[in-house]
Amino acid sequence: MIVKNAKVVLSDKVVNKGYLKISKGLITEIGKDYKGKDKTVVDAKGMIIMPGFIDVHMHGSAGIDFMDAKAKDYKTIAKSLYNEGVTTFLATTLTSDNKSLANVCREVKEAKESNPSLLGIHFEGPYINAKYKGAQNEKFIRNPDIEEFDKLQRISGGNVKYISMAPEKPGSLAFIEHVSGSGVVVSAGHTDASFGDVEKAIKKGLTNTTHTHNAMSPHHHRNPGVVSAAMYFDELYTECICDRIHVCDNTLRTFMKVVTPERFVMITDALKIKNSKINKFQLFGLDCVRKDGAAYLTSGPLAGSLLTMDQGIRNIKQVCKLGLVDLAKISSRNAARSLHLEDRGEIKVGALADLVLLDEKLSVKQVYKLGKRVK
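Rules and cut-offs
- Residues numbered from 1 in each chain as written.
- Predicted model: local features only at pLDDT ≥ 70, side-chain atom pairs only at ≥ 80, totals over all residues.
- Heavy atoms only, no water.
- Core = buried A, V, L, I, M, F, W, Y, C linked by side-chain atoms within 4.5 Å.
- Buried < 20%, exposed > 50% of the residue type's maximum accessible area, 1.4 Å probe, protein only.
- Helix = DSSP H or I, 4+ residues; strand = E, 2+ residues; numbered from the N terminus.
- Patch = residues over 30% accessible without salt bridge, like charges linked within 9 Å, V, L, I, M, F, W, Y side chains within 5 Å.
- Areas by Shrake-Rupley, 256 points an atom, 1.4 Å probe, with all protein chains shown as cover.
- Salt bridge = Lys/Arg side-chain N within 4 Å of Asp/Glu carboxyl O.
- Lys, Arg positive; Asp, Glu negative; His and termini not counted.
- Charge placed at Lys NZ, Arg CZ, Asp CG, Glu CD.
- Contact = heavy atoms within 4.5 Å.
- Pairing = 2+ DSSP bridges.
- Axes fitted to C-alpha atoms, helices over the stretch in contact; angles between N-to-C directions.

Visitor: What am I meant to see in the nonpolar core here?
Guide: Note on soluble globular proteins: their nonpolar side chains tend to be buried together. One finds F89, F264 and I316 to be the most contacted residues of the largest nonpolar core, which totals 89 residues. With six residues, helix α2 (residues 98-111) is the single largest residue contributor to this core. Within the second largest apolar cluster, 17 residues are counted, among which are L20, A44, I347 and L355.

Rendered as structure tokens:
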């Protein structure tokens, strides 16, 4: 199959009037001004082709939360995410009891067999700091436990790919070294860590920060915290919720200027009410409501976003004035690299044909997963 006459966004440039040749789910050729006579040709005139979006941090969609989703529900979630250009995602959990986490592990293991866009699991907690618990249920917070994690990982079939935790908690450094050594991404989130705590954790394998600015120790001129470390350490990929609610525009553009599009990872942190008409719901025992474009605990604090990845791209373009190459980095490439994925995140020969086609306003028009059109 050939997709031609598009602006093809590569990792270092945009190819005008570009084309892609796709075979057996892979990109096999990239060129310009296609003149061949392939049997199947998609004319993408006027469209932009970017690598399919990767969302490493989202809790559900279409009215379904990963904490209680059955394997069959993942098809509904994946379909709703294709509509916003997401071709790879992690099922993100909440701080909860061991039994509930084990259940998510079992369902994801089964669901992966029939959902190619489901990469695995992101454990958000339970090893976090109560001071910055946000919309996490405090009664389930506990200290890092290698034995517990290893058991959950076995139940999941090795599908836990990412964990957000507080690196200042007792036992964290040994836990980080153990978990990162097995290939799992470790991210500082819901944490009161100091700059020094993060520096120590990096030496043990910490590589990311979770929804940076939210639910973490801030940048301070006498007591620098995780936000300061996220800006300073080039080793860190930095998640950020780009709904213009969780992080204000001036902070967003300042943060982008400091970490650059090379380390910025756009996430949605979206809850199950995204892509649904639900207004009131529970977040693992906590009452929440849709209000002013986001989700809030009924007690007041922000609980999560309703953001779609394509809207996040449009927000970043407007606020930070990034070009297409940098937009592709923050929506796909950086997430893939942080997860040690070499087969996606960029448009290159040999990569999976996970593609999103957008118009000039960056609205999603077509989506391909493994070369098959899914929207």
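Now that the structure has been shown, we can carry on.
Visitor: Would you take a moment to explain a positive patch on the surface for this structure?
Guide: A surface patch of positive charge is lined by K13, K17, K32, K35 and K45. With respect to the element layout, K32 can be found in strand β3 (residues 26-32).

Visitor: Quick question: what am I supposed to make of the environment of G345 here?
Guide: When you line up the elements, G345 lands in the loop between α9 (324-338) and β20 (355-358). Distance from G345 to N334, taken between C-alpha atoms, is 7.4 Å for residues eleven residues apart in sequence. Look past the residues within four positions of G345 in its chain and what remains in contact with it is P51, I54, S332, R333 and A336.

Visitor: Looking at this structure, how should I read the sheet that holds strand β9 (residues 86-92)?
Guide: Sheets are built from strands paired through backbone hydrogen bonds, the pairs being either parallel or antiparallel. If you trace the eight strands from one edge of the open sheet to the other, you get β6-β9-β10-β11-β12-β13-β14-β15, paired in parallel fashion. Each end of this open sheet is capped by a strand with a single partner; those strands are β6 (53-58) and β15 (264-267). The pairing of strand β14 (residues 237-241) with β15 spans four bridges and is classified as parallel. Bridging across to β15, T238 finds its partner in F264. Contacts between α2 and the sheet are confined to β9, β10 (118-124) and β11 (160-165), with β10 contributing the most and set at about 170° to the helix. Contacting β10 and β11, helix α3 (residues 146-156) runs over the sheet at an angle of about 150° to β11.

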